[in-house]
Amino acid sequence: MVFYLVIGTALDTRVFASLFISLFVFLYSGFLPDIGYLVKKTNNRRKGWTLREKYALLFFAPVFLYYVIAGRARPLFSTEERPYHNFKTAFVYGAFLFAVGMFFWDELLKAIMLSVFGFLGFSVHLLVDRNFKIN
């Protein structure tokens, strides 16, 4: 956070609004790897999900949670145990946040920092769970 403020000041960029949003994303990302608990494990590969479905659930988890609570979501199955507990997913999530940041801000620094804060929040969760897998 201090690094972001120093760089923002050095570049004469106002970063307080994006810092607030980035901190919110950091906190949200700390809980995000556990969204995999809504996915049932299966050994049937044909019943498992596609890569597109896996990352769509990750990127749009609040929407999926709404449908789960409303009782209108279809069950999801995966051949993986805890599918989001790895650093590969953290990098993919960081790239998604970078794209979202570029959509909302025209300044590269803000998009990069949104991505970094999200990646760090996700990674802190993995480190607390002592899950050091790369893939």
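All of these numbers come straight from a predicted model, not from anything done at the bench. (Residues numbered from 1 in each chain as written. Predicted model: local features only at pLDDT ≥ 70, side-chain atom pairs only at ≥ 80, totals over all residues. Heavy atoms only, no water.)

Enquirer: Is there a simple way to explain the packing of helix α1 (residues 2-10) against helix α6 (residues 108-128) in this structure?
Expert: Two quantities define a packed helix pair, namely the angle between the axes and the distance from one axis to the other. Taken N-terminus to C-terminus, the directions of α1 and α6 make an angle of 175 degrees; their axes are 12 Å apart at the nearest point. With respect to α6, the axis of α1 lies roughly antiparallel. Where α1 abuts α6, its residues F3, Y4, I7 and G8 lie against L109, K110, M113 and F117. Its residues assigned to classes, the contact of α1 with α6 comprises six nonpolar, one polar and one charged. (Axes fitted to C-alpha atoms, helices over the stretch in contact; angles between N-to-C directions. Helix = DSSP H or I, 4+ residues; strand = E, 2+ residues; numbered from the N terminus. Parallel < 35°, antiparallel > 145°, perpendicular 65-115°, else oblique. Contact = heavy atoms within 4.5 Å. Nonpolar A, V, L, I, M, F, W, Y, C, P; charged D, E, K, R; others polar.)

Enquirer: What is the right way to look at the layout of surface pockets in this model?
Expert: Over the atoms rolls a probe the size of a water molecule, and its path tells where empty space is left. Its boundaries defined by the atoms lining it, the largest pocket holds a volume of some 260 Å³. Contributing to the lining of the largest pocket are 13 residues, with V25, Y93, L97, V100 and L114 lying nearest its centre. Those elements that place two or more of their residues in the lining of the largest pocket are α2 (16-31), α3 (51-59) and α5 (87-104). The leading source of residues in the lining of the largest pocket is α5, at five residues. (1 Å grid on protein atoms, 1.4 Å probe; cavity = no way out; pocket = protein on both sides within 12 Å on 5 of 7 lines; lining within 4 Å. Points joined across faces, edges and corners; volume = space filled by probe spheres on them.)

Enquirer: Looking at this structure, how should I read the pattern of salt bridges?
Expert: It is possible for side chains of opposite charge to pair when their charged atoms get near one another. With the rule as written, the count across this model stands at two salt bridges. Notably, a salt bridge pairs R82 with D129, separated by 3.2 Å at the nearest N-O pair. A residue pair is termed long-range when its members are at least 10 positions apart, and R82 in the loop between β2 (76-78) and α5 and D129 in the segment after α6 qualify at 47 residues. Classification of R82 as partly exposed rests on a relative accessible area of 32%. In this structure D129 comes out as partly exposed when scored by relative accessible area, which is 32%. When the shortest N-O distance is used, the salt bridge between K110 and E107 registers 3.4 Å. Among the residues examined, K110 registers a relative accessible area of 12% and is labelled buried. E107 sits in the partly exposed class, given a relative accessible area of 29%. (Salt bridge = Lys/Arg side-chain N within 4 Å of Asp/Glu carboxyl O. Buried < 20%, exposed > 50% of the residue type's maximum accessible area, 1.4 Å probe, protein only.)

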